Amino acid sequence: MFSTRVFCNAAAAAALLLSNLHASSAVAQHATTPRAGSIERKQILDAIRPAPNSTIRFIVHSLRIIKGPAESFAYAAVEPSRQEYDGGEYILQRTGGQWRVIWAVTGGGANACADIADYYRSAAQYLKEHGIAAETLNPGHTSETKRHTAAAAADKDCWTVGDLGPEIGSSAD
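The following paragraphs examine the structure supplied in this document.

What counts and what doesn't
Residues numbered from 1 in each chain as written. Predicted model: local features only at pLDDT ≥ 70, side-chain atom pairs only at ≥ 80, totals over all residues. Heavy atoms only, no water. Disulfide = S-S within 2.5 Å. Helix = DSSP H or I, 4+ residues; strand = E, 2+ residues; numbered from the N terminus. Buried < 20%, exposed > 50% of the residue type's maximum accessible area, 1.4 Å probe, protein only. Pairing = 2+ DSSP bridges. Axes fitted to C-alpha atoms, helices over the stretch in contact; angles between N-to-C directions. Contact = heavy atoms within 4.5 Å.

### A short note on the state of the cysteines
Alright, step 1. For the structure on display, the rule yields 1 disulfide.
Alright, step 2. Two residues share a disulfide in this structure: Cys-113 and Cys-158, whose sulfurs sit 1.9 Å from each other. You can see Cys-113 sitting in helix α4 (residues 113–129) and its partner Cys-158 sitting in the loop between α6 (141–154) and β5 (159–164), a full 45 residues away along the chain. There is no split in this pair, since Cys-113 and Cys-158 are both buried.

Below, the structure written as structure tokens:
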């Protein structure tokens, strides 16, 4: 009986360890930045451009990628070099070798602070569903969410500059 109890406790401890390793995998991930001129960087910037044949050149303030086993995610903060297009923040997802913008906050229009805070939260939730920590991909994501949430709480009629991009889906979609 003693050996069975020891075996069960050891098995439970091993299962707990594996569970903790799996749960912390998003935390253990790190983001990389593709070098200037690389194919991956060009593909990401092409996905942000407004048209396939666009010649817009971007000033890249931040470009980070987290590669997962089935799909990868990128965060880009860019502005056009000649201001011919709105710059902004973008989250992209690569599935099947193709990058696509799944979330964006760009210059231009205005939205309620609460709506922008919800939009930031939706991105964080979507990334979490895919095992990615939003803060690892975009180190300012949490602070921007908090900033817009606080502004909305302080003033229910708060508006802030920014156009919201596509509505981010859930992994169930």
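### Points about the sheet that holds strand β4 (residues 98–112)
Alright, step 1. Judged by pairing direction, the sheet is antiparallel, and its 5 strands sit side by side in the order β1-β2-β3-β4-β5 without closing on themselves. Both edges of this open sheet fall to β1 (58–67) and β5, since each of them pairs with a single strand only. Averaged over all neighbouring strand pairs, the angle between strand axes comes to 20°, with direction disregarded.
Alright, step 2. Pairing between β1 and strand β2 (residues 72–80): 9 bridges, direction antiparallel. From the neighbouring strand, Ile-59 faces β2, where its bridge partner is Glu-79.
Alright, step 3. Together, β1, β2, β3 (88–95) and β4 form the strand contacts of helix α3 (residues 39–48), whose direction differs from that of β1 by roughly 115°.

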